[in-house]
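Listed here are the chains, written in short residue letters.
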Amino acid sequence: MAAEVSKYGLTTFTPSGDLLQINHAQAAVDRGAPCLGVKATDGVVIVSEKKIPNDLIDPSSVEKIFVLDEHIGATFAGVGADSRVLIDRARKICQRYRLRYGEAIPVTQAVKELS
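Residues numbered from 1 in each chain as written. Predicted model: local features only at pLDDT ≥ 70, side-chain atom pairs only at ≥ 80, totals over all residues. Heavy atoms only, no water.

Our next topic: a nonpolar patch on the surface. Residues L36, V38, V45 and V47 make up a contiguous nonpolar surface patch of roughly 340 Å² in combined accessible area. At the level of secondary structure, the elements contributing two or more residues to the nonpolar patch comprise β1 (35-40) and β2 (43-48). Residue position: V38 is located in strand β1. For V38, a relative accessible area of 43% puts it in the partly exposed group. (Patch = residues over 30% accessible without salt bridge, like charges linked within 9 Å, V, L, I, M, F, W, Y side chains within 5 Å. Areas by Shrake-Rupley, 256 points an atom, 1.4 Å probe, with all protein chains shown as cover. Salt bridge = Lys/Arg side-chain N within 4 Å of Asp/Glu carboxyl O. Helix = DSSP H or I, 4+ residues; strand = E, 2+ residues; numbered from the N terminus. Buried < 20%, exposed > 50% of the residue type's maximum accessible area, 1.4 Å probe, protein only.)

Below is the structure:
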């Protein structure tokens, strides 16, 4: 029984010494669509490719670029459900700061709190 429990732990190594969890996470990112952000002196451009995995999914229902606050945007590559958790957490961080201090959160502080 103990061998079965450790077989499914987060620190399970393959025979070659790799962590299984890291391999699965990298595979999820590899299946995701690429995204890119470019900062210029007068603005920002965020671009992301929408990969629709199934004909039953309405392409207009898939969001890849999100507004976190009036001055912060985000996109993702990888598993959409995981990104939605992070997007919701980041929005709450921005809202909490705005309610407490009456101004927009600095981007560096938002990143530090989210990480």
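The next thing to look at is the pairing of strand β4 (residues 72-75). Only one face of β4 is covered, namely the one carrying I72 and A74; the face carrying G73 and T75 has none of its residues buried. Across 4 bridges, the pairing between strand β3 (residues 65-69) and β4 is antiparallel. By the bridge assignment, F66 is partnered in β4 with A74. Joining the antiparallel neighbours β3 and β4 is a turn of 2 residues. (Pairing = 2+ DSSP bridges.)

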